[in-house]
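Spelled out, the chains give:
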Amino acid sequence: MKRLSTFFISLTIAMMVLSTVGNALADDSVVLDPVKITESVPVTETLAEPKKVVVVTEQPVQPVSLTEALDKEFFVEFQKSGEYSSEPYIRGRGTKGVPVYLEGMRLNSGHSDSTNLFNLIDVETVEVYRGPSGATLGMGAMSGAVVVKFSDPEFADSAAFVTSGFFKAKTSMFSTSGYSAALGGRAYNDRFNIAVSGGLSDYDDYEDGEGDDVEHSQYETSNYNVSMAVKITDDSHVYVRYMKDKADSEDPFSRYQNNGVWFYTDRPNDDGETLFIGYKDAELGGLQNVHLQLFGSDLHYDMDMKKEASIPEVRELFRDSETRGGKLSAQKELGNHLLSFSGKYTKMEVTNGVRMFNGATQSWSDWVSAFGITDGEISSTMVNVADDMVYGKAFFNVAAGYEFVRRKVHSNVNSTALSGLVPSELLDQVQQKDTDERDHLLSVSATAGYEFCSAFVPYVKLSNASRTPYFNESYGNNPNNGSMVPNQDLDNESVWGVDVGFDGRIGGLYYTSALYYQGYTDYIELVQTGYQTTAGLPIKRYVNLDDATVYGAEALLGYDFGADLFVEAAYLYTYGKNEIDDQPLAYIAPQKLTLTIGQQRKTGLSWFIEEVMVDEQDRISTVNGEVKTPGYAITNLAVSYAFADIGWMTAPVVAFELNNVLDRDYRQHLDKVSATSWYLPDEAGINGVLSVQVGF
């Protein structure tokens with residue numbers, strides 16, 4: 001993979017040289033408050049996407065990971081394949097229906113590796129979409145999406161440099177043990193803005209509610225960011241941003257036993273380099289909010305198999321990906337219309353390698369391509385248009401998107417090895433066949449609503465989305481025992497969704513709600529083929545389900561008593577069904593009710609007490625390794641104090657939270673389990689987090 005760091009250094013030097021020939025004018029400073037708490041934006045202020053919620057944070061100390069940032073959003077769950085590796089889950093879908101974007105760049109468009117690798121140290125907002133969002137974001141946004149937006153640079157009024165910075169740290173105690181810390185600084189004047197930040201974390205294995213250690217749940221991370229912006233005019237600037245992220249983690253959910261020996265997955269070196277180059281202009285040629293961005297990312301993921309023995313080595317597997325692309329977007333106001341345009345090109349290339357450890361010779365075999373694919377690439381060219389309209393108290397949004405997608409894959413399916421394991425009836429479908437496909441994907445979205453009064457704002461939304469299969473869905477197989485065979489003829493998955501919502505506020509009472517229905521065609525699901533290997537093992541493969549549905553309800557009701565005191569109740573219900581076989585879809589979250597009372601202040605004492613009640617889930621898909629989970633209720637509380645400025649310290653905050661106060665032993669339903677369900681670790685018992693944040 002090409003190294004982005006060298007290019008970043010060269011580009012930064014070039015920007016500094018070019019900026020000396022310009023006449024930059026002063027601009028008003030825009031200061032990002034490091035601790036900012038917002039409610040959902042009223043629907044009449046977010047006409048393009050009524051169910052798009054802008055999340056800064058509800059936590060007193062600003063989060064440094066995506067999991068922390070979305071932890072308090074009641075409609076977002078998390079699907080874990082390790083204590084560190086945790087992905088957003090919205091309306092019945094995880095990574096295969098809820099893509100994650102850094103600005104205009106989608107992460108892992110061809111495979112479902114961790115997106116929690118990337119730090120949020122210099123992030124201003126996280127936008128969360130609910131429902132099919134193909135017309136806005138493109139392929140893969142089947143039931144929602146998450147878009148991370150970075151902070152805009154700050155410029156001063158004179159040539160004299162102004163400096164500022166921050167420090168934040170967290171330490172865990174009781175059932176959890178570890179820490180995280182981040183430090184950053186910036187210097188800026190009327191022309192330049194230079195920022196540097198970094199962070200690290202180190203967490204040990206946690207204990208569950210019974211006091212038992214959860215093996216292989218430890219992880220550690222490190223990251224740093226460097227950015228530079230040059231002001232061109234009062235309304236425009238160019239910028240470059242470089243990010244370096246690393247993680248070392250293990251997967252407790254993969255642990256299984258074979259012949260008395262425990263095996264597990266180790267991820268010792270997840271590594272990412274990311275580069276953004278852009279130009280922003282508030283007004284250009286009659287257009288508003290013009291943004292041109294080029295991006296690139298080099299990612300490396302390890303997925304090693306180890307055993308709990310004196311010689312732990314078994315297998316090493318890696319996956320490398322390289323993403324390059326760019327996006328151009330702009331808006332135009334015309335009377336009651338706000339027109340939006342965007343165009344984007346992205347290309348991701350994937351390679352991999354695997355080698356085995358020979359216990360007899362104490363040596364590694366040569367690297368070879370993993371069985372499945374030798375390499376693959378997926379490219380996308382996309383155009384999106386949208387129109388927001390306001391007529392009195394009526395508001396409308398229509399959007400459309402066209403995307404040309406090309407997938408090229410060199411197959412490495414070991415049909416010879418599988419021929420001795422798989423029945424002849426399946427062998428005709430097990431072939432080493434390359435892929436070179438071109439797809440034309442069309443997406444539309446239409447929203448209509450009316451503000452009868454502030455207490456009653458109903459709306460309805462109709463939208464769709466599509467996605468191509470992930471590489472592992474088409475090519476995943478197990479040549480060692482034949483328990484899984486590939487399906488290289490998978491069709492694209494598509495969905496149509498309908499939202500009916502009601503939002504409003506009257507006095508101190510406020511509410512937001514949505515009823516939704518999503519109908520899928522060619523839903524991609526892992527199923528039993530009905531065949532067995534020669535050793536009697538059931539054979540699985542990914543297939544297209546002709547008809548599948550996901551529907552549910554989301555509701556939040558709150559009351560503001562004044563003096564920043566509030567009480568809220570949030571309810572979440574999701575139901576998924578394979579209509580053809582009248583079976584439940586895999587990994588559908590159980591219904592959940594969250595009750596919160598608290599007081600949130602910008603300065604002074606803030607606190608909250610939260611009760612989370614989760615129902616049992618016995619509608620499961622056993623072929624996916626899913627198991628039933630009982631219901632549970634946990635109590636969380638938090639207290640923080642935000643000080644006024646103290647000497648050189650700006651807005652210092654001290655916070656303490658206590659989770660699972662009653663030390664309940666419970667398991668979240670969406671947690672991944674190993675193929676044999678040998679090991680089902682529970683969540684952490686009572687655990688505390690002490691945090692501090694200081695600006696300077």
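Note that this is a predicted model, so its numbers are computed, not measured.

Before going further, it helps to examine the overall build of the chain. In terms of regular secondary structure, the chain is built from 6 helices and 34 strands. For the chain, the proportion of its 696 residues judged to be buried stands at 53%. Look at the contacts in the chain between residues 6 or more apart in sequence, and 68% of them connect residues 24 or more apart. As displayed, the chain has an accessible area near 29,000 Å², and 57% of this comes from carbon and sulfur atoms.

Take the packing of aromatic side chains next. For the structure shown, the criterion picks out 16 aromatic pairs. With 4.7 Å between their ring centres and 55° between their planes, Tyr641 and Phe643 make a pair best called tilted. Since its relative accessible area comes to 34%, Phe643 is described here as partly exposed. Connected via pairs of aromatic rings, a cluster forms that spans Tyr450, Phe452, Phe456 and Phe502. Arg255 extends its terminal NZ or CZ atom over the ring of Trp262, reaching a point 3.9 Å from the ring centre.

Let us look at empty space enclosed by the protein. The method is simple in principle: a probe with the dimensions of a water molecule rolls over the atoms, and the space it marks as empty is what remains. Evaluated as defined, the whole model comprises 7 cavities of 30 Å³ or more. Put simply, the largest cavity is a space of about 150 Å³. Lining of the largest cavity is provided by 13 residues; of these, Arg106, Met139, Thr346, Ser380 and Glu403 occupy positions nearest its centre. At the level of secondary structure, the elements contributing two or more residues to the lining of the largest cavity comprise strand 17 (337–358) and strand 19 (373–391). For the lining of the largest cavity, the residue count by class is 5 nonpolar, 5 polar and 3 charged.

Here we come to the environment of Asn108. As for its placement among the helices and strands, Asn108 is situated in the loop between strand 5 (105–106) and strand 6 (123–130). Distance from Asn108 to Glu322, taken between C-alpha atoms, is 9.5 Å for residues 214 residues apart in sequence.

What follows is about the pairing of strand 13 (residues 261–284). For strand 12 (residues 236–258) and strand 13, the ladder comprises 18 bridges, and the chain directions are antiparallel. Residue pairing across strands places Gln257 opposite Trp262, the latter belonging to strand 13. A loop of 2 residues connects strand 12 with strand 13, the two strands running antiparallel in sequence, and Asn259 in this loop sits at a positive phi of about 55°. For strand 13 and strand 15 (residues 304–307), the ladder comprises 4 bridges, and the chain directions are antiparallel. Directly across from Thr265, in strand 15, lies its bridge partner Met305. Joining the antiparallel neighbours strand 13 and strand 14 (residues 287–302) is a turn of 2 residues, in which Gly285 adopts a positive phi near 60°.

Within the chain, Glu103 stands out as a residue other than glycine whose phi angle is a positive 50°. Phi at Gln362 takes a positive value of approximately 55°, unusual for a residue other than glycine. Relative to the helices and strands, Gln362 resides in the loop between strand 17 and strand 18 (363–364).

As a further point, take the side chain of Asn636. Checked against the element boundaries, Asn636 lands in strand 32 (residues 632–642). Polar side-chain contacts of Asn636 include one of 2.9 Å to the backbone nitrogen of Asn660. What Asn636 contacts, discounting residues up to four positions off in sequence, is Phe608, Ile609, Glu610, Val612, Leu658, Asn659, Asn660 and Val661.

All right, on to the confidence of the model for the chain then. Model confidence for the chain is summarised by a mean pLDDT of 87, while 89% of its residues fall at 70 or above. Within the chain, no element has a lower average pLDDT than strand 1 (residues 53–55), which sits at 50, and none a higher one than strand 30 (residues 592–599), at 97. Under a pLDDT of 50 for its full length, residues 14–48 has, in the predicted model, 67 contacts with residues more than four places off or in other chains.

Once that is clear, we can look at the nonpolar core. Proteins that are soluble and globular tend to have nonpolar side chains buried together. Grouped together as the largest cluster of nonpolar side chains are 43 residues, with contacts concentrated most on Leu66, Leu70, Val126 and Phe276. Those elements that provide at least two residues to this core are helix 2 (66–70), strand 4 (100–102), strand 6, strand 7 (144–150), strand 11 (219–233), strand 12, strand 14 and strand 28 (565–578). Those residues in contact with Leu66 that lie beyond four places of it in its chain are Pro88, Val100, Thr115, Asn116, Leu120, Val126, Val146 and Val148. Residues Met139, Val409, Phe471 and Tyr475 belong to the second largest nonpolar core, which totals 18 residues.

Let us now look at the pattern of salt bridges. Taken as a whole and judged by the stated rule, the model has 32 salt bridges. Across the salt bridge formed by Lys347 and Glu377, the nearest N and O atoms sit 3.8 Å from each other. A residue pair is termed long-range when its members are at least 10 positions apart, and Lys347 in strand 17 and Glu377 in strand 19 qualify at 30 residues. In the salt-bridge network here, residues are joined through shared partners; they are Arg93, Lys96, Arg467, Glu473 and Glu493.

Before going further, it helps to spend a moment on a negative patch on the surface. A cluster of acidic side chains, namely Glu207, Glu210, Asp212, Asp213, Glu215, Asp663 and Asp665, defines a negative patch on the protein surface. Relative to the assigned elements, Glu215 resides in the loop between strand 10 (192–203) and strand 11.

This part takes up the environment of Arg241. With respect to the element layout, Arg241 can be found in strand 12. Under the relative-accessibility criterion, Arg241 is labelled buried at 8%. The spacing of Arg241 and Ala229 is 12 residues in sequence and 8.6 Å in space, taken between C-alpha atoms. Separated by 2.6 Å, the side chains of Arg241 and Asp122 make a polar contact.

Mapped onto the fold, Glu403 is located in strand 20 (residues 394–411). A distance of 2.7 Å separates a polar atom in the side chain of Glu403 from the backbone nitrogen of Met139. If we ignore the near neighbours within four places in the chain, the residues touching Glu403 are Gly138, Met139, Ser380, Thr381, Met382, Asp439, His440 and Leu441.

Basis of the calculations
- Residues numbered from 1 in each chain as written.
- Predicted model: local features only at pLDDT ≥ 70, side-chain atom pairs only at ≥ 80, totals over all residues.
- Heavy atoms only, no water.
- Helix = DSSP H or I, 4+ residues; strand = E, 2+ residues; numbered from the N terminus.
- Buried < 20%, exposed > 50% of the residue type's maximum accessible area, 1.4 Å probe, protein only.
- Contact = heavy atoms within 4.5 Å.
- Areas by Shrake-Rupley, 256 points an atom, 1.4 Å probe, with all protein chains shown as cover.
- Phe/Tyr/Trp six-rings, centres within 6.5 Å; stacked < 30°, edge-to-face > 60°.
- Lys NZ or Arg CZ within 6 Å of the ring centre and 35° of its normal.
- 1 Å grid on protein atoms, 1.4 Å probe; cavity = no way out; pocket = protein on both sides within 12 Å on 5 of 7 lines; lining within 4 Å.
- Points joined across faces, edges and corners; volume = space filled by probe spheres on them.
- Nonpolar A, V, L, I, M, F, W, Y, C, P; charged D, E, K, R; others polar.
- Pairing = 2+ DSSP bridges.
- Polar contact = N/O pair within 3.5 Å; in protein donor to acceptor, adjacent residues only side chain to side chain.
- pLDDT = per-residue confidence, 0-100.
- Core = buried A, V, L, I, M, F, W, Y, C linked by side-chain atoms within 4.5 Å.
- Salt bridge = Lys/Arg side-chain N within 4 Å of Asp/Glu carboxyl O.
- Patch = residues over 30% accessible without salt bridge, like charges linked within 9 Å, V, L, I, M, F, W, Y side chains within 5 Å.
- Lys, Arg positive; Asp, Glu negative; His and termini not counted.
- Charge placed at Lys NZ, Arg CZ, Asp CG, Glu CD.

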